[in-house]
Amino acid sequence: MSSLLEVRDLRVSFPDRATGAVQPVDGVSFELARGETLALVGESGCGKSLSALALLRLIPPPGRIESGSAVVLDGTDVLALEDKALRKVRGRRVAMIFQDPMTSLNPVFTVGDQITEVVHAHFKVPKQEARDRALKLLNEVGIPDAATRLDAYPHQLSGGMRQRVMIAIALAGEPELLIADEPTTALDVTVQAQILELLDQLRATHGMSMLLITHDLGIVAGRADRVAVMYAGQIVEQASTAALFAKPSHPYTQGLFASVPRLTGPVGHLMPIPGTVPPPSAWPSGCRFRTRCPIVHARSAEMPPMLQVGPDHSMRCWLAEDQQ
Amino acid sequence: MARWLARRLLHAVLTVAIAITLAFFLMRLAPGDPLSRLGDERPMPASELAGLRARYGLDQPLLAQYTTFVAAAVGGDFGRSIHYGRPVREIILDRLPASLLLGGGALLLTMLGGALLGALQALRRDSLLDRTAGVVSLAAYATPSFWLGLVLAWLVGIEWRLLPVGGFRDPLLAADASWMLQVADVLRHLALPLLTLTIVSIGAVMRYQRTAMLEALAQPFVAAARARGLSERRIRWRHALRTSLFPIVTLLGLWLPVLAAGSVFVESVFAWPGLGSLAAEAVGTRDYPLLMGVTLLVAVLVVLGGLLADIAYAALDPRVRPA
Amino acid sequence: MNVSAPSLLRRAMGVANGRAGAVALLAIALFALAAPLALPDPAIQFDIVDGALLPPSVMHPFGTDHLSRDVLSRVANGARISLAVAVIAVALSITLGAVVGLVAGFFGGAVDTILMRAVDGAMAIPRLFLLLLLVAAWDRLPLAALILVIGATGWLGTSRLVRAEVLRLREVEFIRSAQALGAGARRVMFRHLLPNTLGPLSVAAMLGVGDVILLEAGLSFLGLGVRPPTPSWGGMILDGKDVLQAAPWVSLFPGLAIVATVLAINLFGEALRRAADSGSP
C-alpha cells in the first residue's frame, strides 16, 4: 500500500503575549496509507485538531504553520500550493467533517443547497445532475425520506442527521482522504455507534483513507488500523491498533487505558492520571509528560525522540531504550 | 403562521392606541387649553374665542374630548388646522409625497450604502480604510443634520452654484414643460436634502453592519465552507454577507423614527414641503390639530415599519419562521 | 471579570479611540469652564457700529456675529449650557430608565407586561415629536423645564436595556443564591442587580449625552429650545442662518463645536462599550 499522506515535523505556532510564541503542534510526524484509518488520539488541548486543520492550511490567523513542516499528499506538497490549487485539494481530495454539525452548517441555506454547492465547486455539472448527486448522497448516508430532506434547513434536523448531512457534504467532492474531527462527540451515545459504523462503511465503499481524531479510546478499537497518541503537541506513541491495545507502552497511553472503564474483564480501580494537561506556555522542558508520569525516567530532562518498541510500534520515551 | 401574524398585528394596534393616548394627554398637560394662546397672537373678543372653543369641542370634559378624538382619528379625521383652516387630513396628504420621496430615498441610500461600506470595513479589518471609515462614520453621526444642511446649501448651492437650495421645484419652470424636465427639476432639488439626511444616518448603519459582518465571518460554518474548497469570494458574499444582512432588515423597520426626526430639520432648512417641515411649522404656530395629525401619522408609520421588518426577517431567516 | 467603574474606565482608556475621546472631552470641558474666564463676556458688543459680522482675525479668532459679539466666547459659553443641559437631562433619564427596567425585569408578569407595553407605545412616537408636542403645549419653556422635559423623554430605551440585563442576570447563580439566602426584592434589585447593569448603563449614559446635545441644538435651531440671549450652539447656528453667504463663520463654528464634542463622546462611549462587553458575567 502506497503512502497517501505524509506529514513530517509539522509545527504550528501562535503568538503569545507572555512568551512570544507557543507551538501547540510541535513536530508531529505520521504517515497514512491508502485505504487505511489512522486514529489520532489525545485529550483536549493536545493539538490534534490543530494538526488536522494544518493539513488543509486552515489554521486561523494569527497562527501559522512553521517552515520546516511538510505535508505531502500523494506527492503534492500541500504547504507550497497556490490558493487556486489549494482549493482543488480542499473538499476535493481531502474532506473534513467537524465536531459540531449545528455550527458547521450554514443555518440559512437548505441541506440540498449546501451539498450541491460543493458539487458545483469541484465538478462542472448541470444543476439537475448536482441535485441528483445530492439526493444519492443523502440516501447513502442513511437519511430517511431523502427527497424531502433536500429542502430542509439544518435546524429542522436532529443532531445525528445533521452529522450525516455533514458526511454527505464531505463525500460530495469524492475525496481520497476524509478527516473526521471528533465526529461523534456532540452526539448522543446511541447515535455515536451508528455514525461510526456509517463512516466505516463509506470508507470501504469509496476506497478512502480516514484520519479519525478523537479523545475516546473506546471508539478506536475495531475501527482504526493504526493509532497515534498525542500529548502536549507531540505524538508520544504510534502503533497498529492491535499492538497498541495489546501492549500500551508509553506511560501516558497506559494511563489512558487505566482510566477507561471496561465492560469486560476483571473489575479494578479506575486510575485517573494525576494532574492536568499543562497549557503550551507551561510545558515542562525535556519530556513533557514527566510532571505527571508515575515512572519519571532518569533521562527525562532530555526530550526523548520516537524510539522503536516493536515492529511498527514506536514511542517517545526513554524507557524504550532500556528495553532494547 | 397566521396566529403569529395575528398576534403581531394586535400588538401593533395596541401600540398605536397607547401612542395616541399618550400624545393626546401630553398635549393637554399644559394649563389652559390649546386655544388659550390664540388670544396672544391676535386680539380677539371673548365671544369669538368661546365660539372657537365650542367648534373644536374644547368646552367638553377632557375624557369626552379624548373619546371624540380617538373615534375621529381612527377614521382619519384629525379636525381642522387652526392656522390653515383646512382639514388636517388634506394638508397632510398634500405634503406626504414629498416626505416619502425624501425619506424613502434616504432610507434606501442609507441601508444600501451602509451595508456595503460596513461589509467592506469588516473584510479589510484594521486596515487604513477600516480605521478611517470608522472615524468618519462616527463624525457623520455626530453632525447635526440642520447644520450640515446649511453648510452644504452654502457650499454647493451658493458658493459653487451647482444645485438649488430650497423648495421642491423651480417656480419659474413652465407648467407644461416636458415630463423629463420636470422630473429632473425635482431631482435637482432633492439632491441636497437627500445627501444631508443620508450622511447623518449612514454612519450608524455602517458601524452596525461592520460588527454583523465580523461576527458572520467568525462563524464556524465559514471555516467549514473554506474546508470544502469554496472560493473566498463565494464565502464572503454568499455565506457571510447573507447572514449578516438579517439584522439590517430589522434595522430598516426601526430606522423610521430616526428618519422622521431628521427630516424635521432637513426639510426645514431646505424648505422641502414635507411632513417634517409641516411639524416644525405647526409647533411655531401652535397649530395643535395639525401637529397631532402629523405626530400620529408618524407613529403609525413607525409601528408599521417595525411590523414589516419583523415579517421580512421571518421571511428571510428560516430559523425564525414560525412553523 | 471586574465590572466596577474604575476598571471599566481603565479598560476603555486602554483603547486608542477611548484615549482620544477622553482627551478631547477633557479639552472641551476645560474650554467650557475656563475660557469664559479668559475670554471677553459674550454679551459685550464690541463695536456696535462697525463690529458686526467681522471675519476671523487675531482679536476674534472665530469672528463676530450680527450683534458684534465675539463668536469664540459665545461658543465657549454655549458649551457650558449645552453640556449642562445634556448631563443633567441624561442623569434624569438614566435614573428613570434604570428604575423602570429593574422593576419590570425583576417582578415580571403583569407588571412587566404593562410597563413594557406602555414603553412600546411611547417609543412609537419619535423623541423629537414628543418634545415638539410638549413644547407646543407650553409656551416659553424656562431652561429648567426644558431639561426636565428632555430628561423625561429619554428613559424609554434605557428601561428596555436594563430590563434585558436584569432578565439575563436573574438566571445567573449569584442572584439565585442571594434570594435563597433570604434577600428581599429591594435588596436584590439595588445591591445585586443594579451594580451589574452599570456597564451598559454607563455606555447608554455617555451616548445619551451626545444624543441630547444634538437634540437640544436642534430644538434651539427651531427656536424651541434654549432661548436667547442665553447662548447655545443651536441658537447660534440659527443666528447665522440668514447671513450664511456673507458671514459663514457665525454658523460654522458652533456646528464644528457640536461635531467635535459629540464625536469625542462617541469615541469614548464606544471604547467604554467594548470594555463593558468583555467583562460581563
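Residues numbered from 1 in each chain as written. Chains lettered and ligands numbered in written order. Predicted model: local features only at pLDDT ≥ 70, side-chain atom pairs only at ≥ 80, totals over all residues. Heavy atoms only, no water.

Draft legend 1. Broad picture of the overall build of chain A. Broken down by element type, chain A carries 11 helices and 13 strands. Here the C-alpha atoms of chain A give a radius of gyration of 21 Å, agreeing with the 20 Å that 2.2 N^0.38 yields for 324 residues. Projected onto its principal axes, the C-alpha positions of chain A cover 65 × 50 × 40 Å. Relative to its 324 residues, chain A shows a buried fraction of 55%. Taking as baseline every contact in chain A between residues at least 6 positions apart, the subset at least 24 positions apart corresponds to 62%. Split by element, the accessible area of chain A, about 14,300 Å² in all, is 53% carbon and sulfur. Of the side-chain charges in chain A, 31 are positive and 34 negative, and the distance between the mean point of each set is 3 Å. (Helix = DSSP H or I, 4+ residues; strand = E, 2+ residues; numbered from the N terminus. Rg over C-alpha atoms; globule rule 2.2 N^0.38 Å. Buried < 20%, exposed > 50% of the residue type's maximum accessible area, 1.4 Å probe, protein only. Contact = heavy atoms within 4.5 Å. Areas by Shrake-Rupley, 256 points an atom, 1.4 Å probe, with all protein chains shown as cover. Lys, Arg positive; Asp, Glu negative; His and termini not counted. Charge placed at Lys NZ, Arg CZ, Asp CG, Glu CD.)

Draft legend 2. The layout of surface pockets, seen in detail. Approximately 690 Å³ is the volume found for the second largest pocket. Around the second largest pocket, the lining comprises 25 residues; the ones closest to its centre are L58(A), I59(A), P60(A), P61(A) and R226(B). Going through the elements one at a time, β4 (64-65) and α3 (101-104) of chain A together with α9 (220-227) of chain B are the ones with two or more residues in the lining of the second largest pocket. Here the lining of the second largest pocket gets 5 residues from one element, more than from any other, and that element is α9(B). Of the residues belonging to the lining of the second largest pocket, the class tally is 14 nonpolar, 5 polar and 6 charged. (1 Å grid on protein atoms, 1.4 Å probe; cavity = no way out; pocket = protein on both sides within 12 Å on 5 of 7 lines; lining within 4 Å. Points joined across faces, edges and corners; volume = space filled by probe spheres on them. Nonpolar A, V, L, I, M, F, W, Y, C, P; charged D, E, K, R; others polar.)

Draft legend 3. Broad picture of the nonpolar core. Residues and elements named next belong to chain C. Among the nonpolar cores identified, the biggest contains 144 residues, and F129 and I213 are the most heavily contacted of them. Element by element, the count of residues in this core is highest for helix α12 (residues 249-279), at 16 residues. The contact partners of I213, leaving out residues within four places of it in the chain, are S82, L83, A86, W233, I258, T261, V262 and I265. (Core = buried A, V, L, I, M, F, W, Y, C linked by side-chain atoms within 4.5 Å.)

Draft legend 4. Highlighting the arrangement of the chains. Between chains B and C lies the most contact-rich interface of the 2 pairs of chains that touch. In this assembly chain A lies apart from chain C, the nearest approach of their C-alpha atoms being 16 Å.

Draft legend 5. Highlighting the packing of aromatic side chains. Residue and element names in this part refer to chain A. By the definition in use, this model includes 11 aromatic pairs over all chains. Seen in terms of ring centroids, Y231 and F289 are 5.2 Å apart; in terms of plane orientation they differ by 85°. Their pairing is edge-to-face. Here Y231 is found in strand β10 (residues 226-231), whereas its partner F289 is found in the loop between α10 (251-258) and β12 (307-310), with 58 residues between them in sequence. There is no split in this pair, since Y231 and F289 are both buried. (Phe/Tyr/Trp six-rings, centres within 6.5 Å; stacked < 30°, edge-to-face > 60°.)

Draft legend 6. View of the confidence of the model for chain B. In the predicted model, chain B carries a mean pLDDT of 83, and the fraction of residues at 70 or more is 89%. The complex prediction reports pTM at 0.80, with the ipTM value standing at 0.87. (pLDDT = per-residue confidence, 0-100.)

Draft legend 7. Molecular detail of the sheet that holds strand β11 (residues 234-240) of chain A. All names here are of chain A. Read across the open sheet, the 8 strands follow the order β7-β8-β9-β3-β10-β11-β13-β12; overall the sheet is mixed. The outermost strands of the open sheet, each flanked by one partner alone, are β7 (94-97) and β12. Sheet twist, expressed as the mean angle between neighbouring strand axes with direction ignored, is 20°. Sheet topology places strand β3 (residues 37-41) next to strand β9 (residues 209-214); 5 bridges connect them, and they run parallel. If you follow T37 over to β9, its bridge partner there is M210. Its contacts with the sheet place α10 against β10 and β11, and it is angled at close to 105° to β10. (Pairing = 2+ DSSP bridges. Axes fitted to C-alpha atoms, helices over the stretch in contact; angles between N-to-C directions.)

Draft legend 8. Structural view of helix α7 (residues 159-171) of chain A. All names here are of chain A. Along its 13 residues, α7 runs 19 Å from first to last C-alpha, staying within 8% of the 18 Å computed at 1.5 Å per residue. In terms of burial, α7 is a largely internal element, 12 of the 13 residues being buried. Within α7, burial applies to G160, M161, R162, Q163, R164, V165, M166, I167, A168, I169, A170 and L171. (Expected span 1.5 Å × (residues − 1).)

Draft legend 9. Quick peek at the interface of chain B and chain C. Listed by partner, the interface residues are 48 residues for chain B and 43 residues for chain C. Across the chain B/chain C interface, buried area totals approximately 4,200 Å², and carbon plus sulfur atoms make up 79% of it. Looking at the side of chain B facing chain C, the largest losses of area belong to F146(B), W147(B) and L150(B), adding up to 15% of the total buried there. The tally of links from chain B across to chain C stands at 1 salt bridge. One salt bridge connects E270(C) with R207(B), and the closest N-O pair in it is separated by 3.3 Å. Connecting chain B to chain C are 6 residue pairs in polar contact (both at pLDDT 80 or more). Class assignment of the residues belonging to the side of chain B that touches chain C gives a composition of 39 nonpolar, 5 polar and 4 charged. (Buried area = accessible area lost by both parts, 1.4 Å probe. Salt bridge = Lys/Arg side-chain N within 4 Å of Asp/Glu carboxyl O. Polar contact = N/O pair within 3.5 Å; in protein donor to acceptor, adjacent residues only side chain to side chain.)

Draft legend 10. View of the pattern of salt bridges. Scanning all chains against the criterion turns up 32 salt bridges over all chains. Two residues, R223(A) and D200(A), come together in a salt bridge whose shortest N-O distance is 3.4 Å. Taken together, the residues span a long stretch of sequence, with R223(A) in the loop between β9 and β10 and D200(A) in helix α8 (residues 189-206) at a distance of 23 residues. Residue E281(B) pairs with R95(B) through a salt bridge whose shortest N-O separation is 3.3 Å. Here R95(B) lies in helix α5 (residues 88-123) and E281(B) lies in helix α12 (residues 275-284), a separation of 186 residues in the sequence. Residue E281(B) is classed as partly exposed on the basis of its relative accessible area of 31%. Judged by relative accessible area, which is 15%, R95(B) ranks as buried. Sharing partners across several salt bridges, the network here consists of R34(A), D74(A), R93(A) and E176(A).

Draft legend 11. Spotlight on the interface of chain A and chain B. Between chain A and chain B, the residue contacts involve 24 residues of the former and 20 residues of the latter. Interface area for chain A against chain B, summed over the two sides, is near 1,900 Å², with a carbon-plus-sulfur share of 62%. Of all residues in chain A, V108(A), F109(A) and E117(A) bury the most surface against chain B, accounting for 29% of the area lost on that side. Between chain A and chain B we count 2 salt bridges in total.

Draft legend 12. Spatial organisation of the pairing of strand β1 (residues 3-16) of chain A. Residues and elements named next belong to chain A. In terms of strand pairing, β1 meets strand β2 (residues 20-33) through 10 bridges, oriented antiparallel. When the bridges of β2 are listed, L10 appears paired with V28. Connecting β1 to the next strand, β2, in antiparallel fashion are 3 residues. With 4 bridges connecting them, β1 and strand β5 (residues 70-73) associate as antiparallel partners. Looking at the pairing, E6 lines up with V72 of β5. Here 2 bridges tie β1 to β4, and the two strands are oriented antiparallel to one another.

Draft legend 13. Main features of helix α10 (residues 232-254) of chain B. All names here are of chain B. An ideal rise of 1.5 Å per residue puts 33 Å on 23 residues; α10 measures up with 32 Å between its terminal C-alpha atoms. Along α10, the largest kink reaches about 40° and is centred on L241. Three or more residues of α10 are buried, namely I235, H239, A240, L241, T243, S244, F246, I248, V249, L251 and G253. (Bend = angle between axes of the 7 residues up to and from the residue.)

Draft legend 14. Highlighting a nonpolar patch on the surface. A grouping of L116(B), L120(B), L129(B) and W237(B) is seen on the molecular surface, where their side chains present a nonpolar patch of about 340 Å² in accessible area. Take L116(B): its relative accessible area is 48%, and that puts it in the partly exposed class. (Patch = residues over 30% accessible without salt bridge, like charges linked within 9 Å, V, L, I, M, F, W, Y side chains within 5 Å.)

Draft legend 15. Examining unusual backbone geometry more closely. Residues and elements named next belong to chain A. Across the junction of P61 and P62, the peptide omega takes the value 10°, indicating a cis bond. Here P62 lies in the loop between α1 (48-55) and β4. For E182, which is not glycine, the phi dihedral falls at a positive 50°. Considering the arrangement of structural elements, one finds E182 in the loop between β8 (177-181) and α8. Exposure remark for E182: the relative accessible area of 7% places this residue in the buried category. Look at A232: it is not a glycine, yet its phi comes out positive at around 50°. Since its relative accessible area comes to 1%, A232 is described here as buried.

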